[in-house]
Structures are given as structure tokens and as C-alpha cells.
Amino acid sequence: MRNEVRVLLEDGQEFVHGFDSDEAMSNEEGRRWLDQEFLRMDCEPLRASGKVLIVDKVVVVAKAAGAQLLGDAQWLAQFARASVGAVGRPTVVVNTKAMTASF
């Protein structure tokens, strides 16, 4: 099965990474990778309550990464593999302008 992650940035740039399902990280690995990037990039929670849902981490990490990291094929591949694994869906579309992710 084919997986795909698509990130739409606020300025209209789009980054897409497709890969085979056997390349996706496990749920635990994906969550751990997103947690590390969230902390490394000094990201802030989306919700006023301070709760950070995994889907929020996907969105916030993508926004913090911006075109510089998303343009790095190796980093984008890791982000895609982690996002698919963490949310458990084969397709993830992130819109940083709307601060949403859909599956």
C-alpha cells in the first residue's frame, strides 16, 4: 500500500513525500520522533489548555520546519514516516495556514 504526506505552507509552497507502507514508523516510533522534533524546535502547544494532541504536533512541527527543513528530502522522509505512523493513517495532509491536518 502507498502512503503519502502533503504539507501546504502559508506562502503556497507544497511538499509531498510518498512511500510504501512498510517504510512507515510504528506508532510509538512516530510519536517519539515527533516529540523530539517538537522539543528541539521549541514548539508551542496549539491549544490554550496546554494539551498537545499528536495531530497538533504534526501540524506544529511542519510549521516550525518551514520550507528549509521540508525541502530537505531526508528530513521530509522522516517527518512523513513519523506522521503516518503516529496518526495511523496512510495519507496525511497538513495545512500550516489553517493549522489543520486531515486524513
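In the block above lies the structure referred to throughout.
Analysis parameters
- The written sequence of each chain sets the order in which its residues are numbered from 1.
- Totals for whole chains, interfaces and linings use all residues, but because this is a predicted model, local features are given only for residues with pLDDT of at least 70 and pairs of side-chain atoms are given and counted only at 80 or more.
- Remark: hydrogens and water are excluded; side-chain values derive from all non-hydrogen atoms of the structure.
- By definition, a salt bridge exists where a carboxyl oxygen of Asp or Glu is found within 4 Å of a side-chain nitrogen of Lys or Arg.
- Each helix corresponds to a stretch of at least 4 residues labelled H or I by DSSP, and each strand to a stretch of at least 2 residues labelled E; elements are numbered beginning at the N terminus.
- Burial classification: accessible surface area is computed with a 1.4 Å probe over protein chains only, and a residue below 20% of its type maximum counts as buried, one above 50% as exposed, and the rest as partly exposed.
- Throughout, a contact is declared for two residues whenever any of their heavy atoms are within 4.5 Å.

A.B. asks: Would you mind showing me how to read the pattern of salt bridges here?
C.D. replies: Note on pairing: side chains with opposite charge can pair once their charged atoms come close. The tally for this structure, following the rule as stated, stands at eight salt bridges. For the salt bridge of Glu28 with Arg32, the shortest nitrogen-to-oxygen distance reads 3.2 Å. Residue Glu28 and its partner Arg32 are located together in helix H1 (residues 27-40), separated by four residues, close to a single helical turn. Accessibility expressed as a relative area gives 42% for Arg32, which makes it partly exposed. A salt bridge links Arg40 to Glu37; the shortest N-O distance between them is 2.7 Å. Highlighted residues: Arg40 and Glu37, both in helix H1, separated by three residues, approximately one helical turn. Note on Arg40: relative accessible area 53%, which makes it exposed. Residues joined by salt bridges that share partners form a network here, namely Glu4, Arg6 and Glu14.

A.B. asks: How do you make sense of the environment of Thr91 when you look at a structure like this?
C.D. replies: Tracing the backbone through its elements, the reader meets Thr91 in strand S3 (residues 91-95). Sequence-wise, Thr91 and Ser26 are 65 residues apart; in three dimensions their C-alpha atoms are separated by 15 Å. Filtering out sequence-adjacent residues up to four positions away, Thr91 remains in contact with Glu4, Ser102 and Phe103.

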